[in-house]
Amino acid sequence: MPGEQEEHHAAVRRLPRRATDLIEDVVVWVLLSASLLLVAAALIAGVGAHSRVNERIHTQSQDRTMLPATVLAQAPVVPLDPGSRIAVEVEWVGLDGVRRTGLVPVTAATPAGSEVPVWVDRTGAAVDPPPASVDAVAAGIFTGIAVLAVGASVLGVVWLLVRRGIDAVNARRWAREWADIGPEWTGHR
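No experiment lies behind these values; they were computed from the predicted model shown.

> Explain the layout of surface pockets here, please?
Empty space among the atoms becomes apparent when a probe as large as a water molecule is rolled across them. In this structure, the largest pocket spans a volume of roughly 210 Å³. In terms of lining, the largest pocket is formed by 14 residues, of which the most central are Arg85, Val104, Pro105, Pro117 and Pro129. Of all elements in the fold, only β3 (99-107), β4 (115-120) and β5 (126-127) reach the threshold of two or more residues within the lining of the largest pocket. Considering each element in turn, the lining of the largest pocket owes the most residues, 5 residues, to β3. Class assignment of the residues belonging to the lining of the largest pocket gives a composition of 11 nonpolar, 1 polar and 2 charged.

> When you look at the sheet that holds β4 in this model, what are you seeing that I'm missing?
In a beta sheet, neighbouring strands are held together by backbone hydrogen bonds and run either parallel or antiparallel to one another. Across the sheet, which stays open at both edges, the 5 strands sit in the order β3-β2-β1-β4-β5 with antiparallel pairing between neighbours. Among the strands making up the open sheet, the edge pair consists of β3 and β5. Both β4 and β5 contribute to a ladder of 2 bridges, which runs antiparallel. By the bridge assignment, Val120 is partnered in β5 with Ala126.

> Where do I start with the pairing of β3 in this structure?
Two faces, one strand: in a regular strand the side chains alternate between the faces of the sheet. Relative to β3, strand β2 (residues 85-93) runs antiparallel, the two being bridged by 9 bridges. Residue pairing in the sheet places Glu91 in a bridge with Thr101 of β3.

> Before we go on, may I ask you to explain the nonpolar core in this structure?
In this structure, Val88, Val90, Trp92 and Val118 are the most contacted members of the largest nonpolar core, which totals 14 residues. At the level of secondary structure, the elements contributing two or more residues to this core comprise β1 (65-71), β2, β3 and β4. Per-element accounting of this core gives the leading share, 4 residues, to β2.

> What is the right way to look at the pairing of β2 in this model?
Of the two faces of β2, only the one carrying Ile86, Val88, Val90 and Trp92 is buried; Arg85, Ala87, Glu89, Glu91 and Val93 on the other face are not. Bridge analysis of β1 against β2 gives 3 bridges, and the strand direction is antiparallel. Residue pairing across strands places Thr70 opposite Glu91, the latter belonging to β2. From the end of β2 to the start of β3, which pair antiparallel, there are 5 residues, and Gly97 there has a positive phi angle of about 90°.

> Mind showing me how you'd approach the confidence of the model for the chain here?
Note: predicted coordinates in regions of low pLDDT should not be interpreted at a detailed level. A residue-level look at the chain finds 89% of positions with pLDDT of 70 or above and a mean pLDDT of 87. For the chain, helix α1 (residues 2-13) is the element with the lowest average pLDDT, namely 64, and helix α2 (residues 19-63) is the one with the highest, namely 94.

> Honestly, the environment of Ile57 in this entry has me stumped. Any pointers?
Of note, Ile57 is situated in helix α2. Overall, Ile57 belongs to the buried group, its relative accessible area being 9%. The sequence separation of Ile57 and Pro130 amounts to 73 residues, and the corresponding C-alpha distance is 5.9 Å. Dropping the residues within four chain positions of it, Ile57 is found in contact with Pro130, Pro131, Ala132, Ser133 and Ala136.

> Looking at this structure, I do not really get the pattern of salt bridges. What am I missing?
If you walk through the whole model with that rule in mind, you get 6 salt bridges. For the salt bridge of Arg18 with Asp21, the shortest nitrogen-to-oxygen distance reads 2.8 Å. The class of Arg18 is partly exposed, set by a relative accessible area of 28%. Assessed through its relative accessible area of 16%, Asp21 is described here as buried. The partner of Asp96 in a salt bridge is Arg100, and the shortest N-O contact between them spans 3.1 Å. Connected through salt bridges with shared partners, the residues Glu24, Arg163 and Asp167 form a single ionic network.

> Teacher, can you tell me more about unusual backbone geometry here?
Working note: non-glycine residues mostly have negative phi, and peptide bonds are mostly trans. The residue Ala109 is not glycine, and still its phi comes out positive at about 70°. In this structure, Ala109 sits in the loop between β3 and β4.

Conventions adopted
Residues numbered from 1 in each chain as written. Predicted model: local features only at pLDDT ≥ 70, side-chain atom pairs only at ≥ 80, totals over all residues. Heavy atoms only, no water. 1 Å grid on protein atoms, 1.4 Å probe; cavity = no way out; pocket = protein on both sides within 12 Å on 5 of 7 lines; lining within 4 Å. Points joined across faces, edges and corners; volume = space filled by probe spheres on them. Helix = DSSP H or I, 4+ residues; strand = E, 2+ residues; numbered from the N terminus. Nonpolar A, V, L, I, M, F, W, Y, C, P; charged D, E, K, R; others polar. Pairing = 2+ DSSP bridges. Core = buried A, V, L, I, M, F, W, Y, C linked by side-chain atoms within 4.5 Å. Buried < 20%, exposed > 50% of the residue type's maximum accessible area, 1.4 Å probe, protein only. pLDDT = per-residue confidence, 0-100. Contact = heavy atoms within 4.5 Å. Salt bridge = Lys/Arg side-chain N within 4 Å of Asp/Glu carboxyl O.

Okay, structure coming up:
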């Protein structure tokens, strides 16, 4: 039995291979290698995006200061969304001691006279708060996923185009071969 099995394996190794089979094998290996590079590129892009956003967070945290502000008029009530935020006029004293007013988002129905936080820049103007550290993580994850999605789409399209071409070449070859041998099998010469 072992000799019979060896003969079978030797016969299988001697089967003729079409050029399209070899091309398909090479393309598969190239696409697999590209997939590994794609994963590395997605990781690098994600880490890079995280670093850039983290740097921006650090810079903005140094350039912005949170101060207490007083709500000048009660924020309107929003019956459909009680947790919503509405911009109302508030007053605060800047780092330079100058009183300022501006619009700052507060929770709906915040009463006049309430103390709320306001973020100011170095000039004392109200600005958005600096991004949270979770924003850097989200930027990294979304960037990595986007790179993976785009890269996988490109690799998928390449694979489909290669398969379509190989299938077309094989179909033409099979048609020619059948035209040559078909009459012998069907008895129509």
